[in-house]
Amino acid sequence: MSRIIQMVWIPFVKFGIVLLERLTFERRLAKHLKSVISTEAPVVLDVGANTGQTILLWKKHFNRPTVHSFEANPALVRILKNKNFQDVTIHGFGLSSKNGTMPFHVNALDLTSSFEATDGLSAYEKMKARFLGVQLNQLVQEVITLPFRKLADVLNEIGLERIDFLKIDVEGHEYQVLQGLFYGSKKLNITRVQLESHSDVTFRTQDQLQIEKLLGDEGYGEEVRFKHAFGSFEDVIYKLQS
């Protein structure tokens, strides 16, 4: 597939994925959120904001959500800021287990860009390359060095007294984000955590068992799972046990 055709085809693929997710996965998720969150003014952390899909979900189904969105990709940060969302703060940096900089892999399909590299062996990666019309070694189009911070440090600066929902979708870097959230002795008032479980993508440093142990140690138990509209991966919501 020529470069010009790719420039048209790949955005079309993303549009189709986002639309399908909105009609299936997001509907099931929103129904659950409305059933378990009583306030119409929830405080939400959106880690891995992309172009604002999670922001739109919360604004559609709740009257007065306050959202803090985190996105590392500078191109997507510009898009988010240009949308001028009300009651939404855009944080233009990544989150991890420490403060610093590291390589960020900008994918042809920006939904899957990440601080993590894949080994290119999973069936999902091969299928994605075929569907996008690129070679496996063309899935990552650019590697750039970007800043990241520990989420606990950011929350201390923001000074939020409660957080109703934390969504983390960072393509294989979820465990490191959680490490940067729970590294201190201060207990955080975060009621629910939503994570994408990458069972069909081979990230070099991903370990789902580590994630579940860390959340369990912090008092969280699994509440519900929702399968995505494509692939074999799903999102898991964990609730802080009282």
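The model shown is predicted, which means the values in this text are computed figures rather than measured ones.

Topic: the sheet that holds strand 6 (residues 140-150)
On the basis of which strands lie adjacent, the open sheet formed by 3 strands has the order 4-6-5 and mixed pairing. The open sheet has two edge strands, strand 4 (94-96) and strand 5 (100-107), and neither has a second partner. Shown here is a sheet whose adjacent strand axes are inclined to one another by a mean of 50°, direction ignored. Two elements, strand 4 and strand 6, share 3 bridges in a ladder whose sense is parallel. Looking at the pairing, G94 lines up with F148 of strand 6.

Quick word on the sheet that holds strand 9 (residues 220-227)
Here we have 7 strands laid out as an open sheet, ordered 3-2-1-7-8-10-9, and mixed in their pairing. The open sheet is flanked by strand 3 (88-91) and strand 9, the only strands paired with a single partner. Averaged over all adjacent pairs, the angle separating strand axes in this sheet is 15°, with direction ignored. The pairing of strand 7 (residues 163-168) with strand 8 (residues 190-197) spans 5 bridges and is classified as parallel. Note on strand 8: the bridge partner recorded for I168 is L195.

Side note on unusual backbone geometry
Its identity as a non-glycine residue notwithstanding, N84 has a phi of 50°, on the positive side. Locating N84 in the fold gives a position in the loop between helix 4 (74-82) and strand 3. Judged by its relative accessible area of 56%, N84 falls in the exposed class. The backbone phi angle of D87 is positive, close to 60°, even though this residue is not glycine. Tracing the backbone through its elements, the reader meets D87 in the loop between helix 4 and strand 3. What makes D87 exposed here is its relative accessible area of 52%.

Observations regarding the pattern of salt bridges
The full count for this structure, using the stated rule, is 9 salt bridges. With a shortest N-O distance of 2.6 Å, D46 and K167 are connected by a salt bridge. Of the two residues, D46 is situated in strand 1 (residues 43-47) and K167 in strand 7; the sequence distance between them amounts to 121 residues. Using a relative accessible area of 6% as the deciding quantity, one classes K167 as buried. Two residues, D217 and K213, come together in a salt bridge whose shortest N-O distance is 2.9 Å. In this pair, D217 and K213 both sit in helix 8 (residues 208-217), 4 residues apart, roughly one turn of the helix. Of the residues examined, D217 reaches a relative accessible area of 51% and is grouped as exposed. Judged by relative accessible area, K213 falls into the exposed class, the value being 55%. Here the residues in one salt-bridge network are E222, R225 and E234, joined through shared partners.

Overview of the nonpolar core
Nonpolar side chains in soluble globular proteins tend to end up buried together. By size, the foremost hydrophobic cluster in this structure holds 27 residues, and its most contacted members are L166, I168, L178, L181 and I190. Looking at this core, the elements that each hand over two or more residues are strand 1, helix 6 (151-158), strand 7, helix 7 (174-182), strand 8, helix 8 and strand 10 (234-240). For this core, the leading source of residues is helix 7, giving 5 residues. Excluding anything up to four places from it in sequence, L166 contacts L45, V47, L151, L181, I190, R192, V193 and Q194. In this structure, A49, V77, V88 and V224 belong to the second largest nonpolar core, which totals 20 residues.

What counts as what
Residues numbered from 1 in each chain as written. Predicted model: local features only at pLDDT ≥ 70, side-chain atom pairs only at ≥ 80, totals over all residues. Heavy atoms only, no water. Pairing = 2+ DSSP bridges. Helix = DSSP H or I, 4+ residues; strand = E, 2+ residues; numbered from the N terminus. Axes fitted to C-alpha atoms, helices over the stretch in contact; angles between N-to-C directions. Buried < 20%, exposed > 50% of the residue type's maximum accessible area, 1.4 Å probe, protein only. Salt bridge = Lys/Arg side-chain N within 4 Å of Asp/Glu carboxyl O. Core = buried A, V, L, I, M, F, W, Y, C linked by side-chain atoms within 4.5 Å. Contact = heavy atoms within 4.5 Å.

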